[in-house]
Amino acid sequence: MQIDYVKARQVFDSRGNPTIEAEVKTGKIIERAIVASGASTGSNEAIELRDKEKAFNGKGVLKAVENVNLKINEKLKGMTVTEQENIDKTMIELDGTENKANLGANAVVAVSMAVTRAAAKTKEISLYEYLGELADIKKYCLPVPQMNVLNGGKHAGLENDIQERMIYPVGAKSFSEAMQMSVEIYHALKKLMKKKFGSLAGLIGDEGGFVPKITDEEQKLELILNAIEETGYTKEVKIVIDCASSEFFKEGNYFIGEKKFNAGELTDFYSDLISKFNIVSIEDGMAEQDWQGWNILTEKLGKKIQIVGDDLLVTNIKFIEKAIKENSCNALLLKVNQIGSVSESIASAKLSFENNWNVIVSHRSGETEDGFIADLVVGLGTGQSKFGAPARSDRNTKYNQLLRIEEELSEKNKAVFGK
Ligand code: PEP
Ligand code: MG
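This is a predicted model, so every value here is computed, not measured. (Residues numbered from 1 in each chain as written. Chains lettered and ligands numbered in written order. Predicted model: local features only at pLDDT ≥ 70, side-chain atom pairs only at ≥ 80, totals over all residues. Heavy atoms only, no water.)

*Asks:* Lay out the domain arrangement of the chain in plain terms, naming residues and giving numbers.
*Replies:* For the chain, the domain assignment lists domain 1 (5–124) and domain 2 (135–411). In this assembly, 33 residues from domain 1 lie in contact with 31 residues from domain 2. Buried surface at the junction of domain 1 and domain 2, both sides included, amounts to about 2,500 Å², of which 50% is carbon and sulfur. Viewed at the interface, domain 2 and domain 1 are joined by 5 salt bridges. Taken together, domain 1 and domain 2 are joined by 21 residue pairs in polar contact (both at pLDDT 80 or more). Per-element accounting of the side of domain 1 that touches domain 2 gives the leading share, 7 residues, to helix α3 (residues 105–122). (Domains from an automatic or database assignment. Contact = heavy atoms within 4.5 Å. Buried area = accessible area lost by both parts, 1.4 Å probe. Salt bridge = Lys/Arg side-chain N within 4 Å of Asp/Glu carboxyl O. Polar contact = N/O pair within 3.5 Å; in protein donor to acceptor, adjacent residues only side chain to side chain. Helix = DSSP H or I, 4+ residues; strand = E, 2+ residues; numbered from the N terminus.)

*Asks:* Before we move on, could you go through the nonpolar core and cite the residues and values that matter?
*Replies:* Inside soluble globular proteins, nonpolar side chains tend to come together where they are buried. By size, the foremost hydrophobic cluster in this structure holds 127 residues, and its most contacted members are I72 and Y270. The greatest single-element share of this core, amounting to 11 residues, is contributed by α3. What I72 contacts, discounting residues up to four positions off in sequence, is V6, N67, M91, L94, L103, A107, V108 and V111. (Core = buried A, V, L, I, M, F, W, Y, C linked by side-chain atoms within 4.5 Å. Buried < 20%, exposed > 50% of the residue type's maximum accessible area, 1.4 Å probe, protein only.)

*Asks:* Report on the coordination of the magnesium ion (ligand 2), specifying residues and quantitative values.
*Replies:* Protein coordination of the magnesium ion (ligand 2) is provided by D242 (OD), E283 (OE) and D310 (OD), with donor distances spanning 2.0 to 2.2 Å. Sequence positions of the residues that donate to the magnesium ion (ligand 2) give the spacing D-x40-E-x26-D. Highlighted residues: D242 in strand β6 (residues 238–242) and E283 in strand β10 (residues 279–283), separated in sequence by 41 residues. Each member of the pair, D242 as well as E283, carries the same accessibility label: buried. (Donors = N, O, S within 2.8 Å, 3.2 Å for Na, K, Ca; no water.)

*Asks:* Mind laying out the layout of surface pockets, listing which residues take part and the relevant values?
*Replies:* Where empty space is left can be seen by rolling a probe of water-molecule size over the atoms. Considering only enclosed or pocket space, the largest pocket measures out at about 370 Å³ in volume. Lining the largest pocket are 21 residues, and of these E98, K100, N316, I339 and E344 sit closest to its centre. Residue assignment for the lining of the largest pocket shows that the elements contributing at least two residues are α9 (317–326), α10 (336–339) and α11 (342–354). When we break the lining of the largest pocket down by domain, the ones giving at least three residues each are domain 1 (5–124) and domain 2 (135–411). Size it by volume and the second largest pocket reaches roughly 290 Å³. Broken down by element, the residue count for the lining of the second largest pocket peaks at 3 residues, all from α3. Here the residues of the lining of the second largest pocket sort into 5 nonpolar, 8 polar and 7 charged. (1 Å grid on protein atoms, 1.4 Å probe; cavity = no way out; pocket = protein on both sides within 12 Å on 5 of 7 lines; lining within 4 Å. Points joined across faces, edges and corners; volume = space filled by probe spheres on them. Nonpolar A, V, L, I, M, F, W, Y, C, P; charged D, E, K, R; others polar.)

Take a look at the structure:
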């Protein structure tokens, strides 16, 4: 099946910012995809092309839309829609830069995802099955969700703050049971927040989690432990944090609340939190440029817990290779728009698997109604997702799609949960 056209339009994300929706037509099939957008972005991420003009405070994406409608459409028209790698390669070559700065990674990735959807349709299979085929991984699996219930840092307008505190229901027996546990904890936490801090404390940050107006990290984690206790899931549910520490790294030191740390002291601080709060995974514990700090962290805690690279790796095999060689972390946070195409995202996941790393498929803080990453996490069989709190439809689109997939796989007796 050949591509008749690709085109794009400007639509809006969960923060009210412009983003791109791409559309691909092949025969009678028309499929679309919308791109998410980060706030605490890594400096080595592929470039999100913004208009930088008066409209939308510079955040318009009409130049990227035009790149799809003219340049990309011209090249992809007539190509076979199932040639994902070739299509992605064609766009990468057309762009001609290391970081997709010419066409815009937002333009390229929107088309790349819409092409994947259209190809799955032509083959009359589910998107997750097709993604599994593309990756040559035929071990579908529903993820254990990391759910960000207490938002902080850039997602909540706070400085010198750990960004995300997540519940992680490893003891659930199925994805739907993991959802039930997480939703019940979310509501117990909401009740607790309102009781402690008043009715406004039920309001939420960018990823659907609450935002306590306290600076002490232990007090924040204590709130989550209390909510877990309240629901009776203490044995089943662990805690995961994303520090997004590049945001509080200044002139060689880290600043959290009133405290200042060097990399060694920060590792000790984390070590203390791990033992007190049942933490099993830490993402971006060190800043993206502090490779030495990462080595200290992984050396000391890497055997005990999952050490996840997000801003450090930006889903780019160049940085993943370096981190593997230097033992800087032991897991990849995979964000499709960070690298800018489906094929490159799959390559990053596969390189990680080959080196016995874990992979967590992740949303962005600025999300949309597009549920592509739900199919991706099942297709790649990574066993872990990070799609925010179980609230607001930009997050729940992903969870609801996972529930549909769980049902589909259950009917075939193939519903595996976790790794
Ligand atoms: C993250 O840092 O993992 C995250 C999801 O936030 P953002 O999309 O703002 O980078
Ligand atoms: Mg992160």
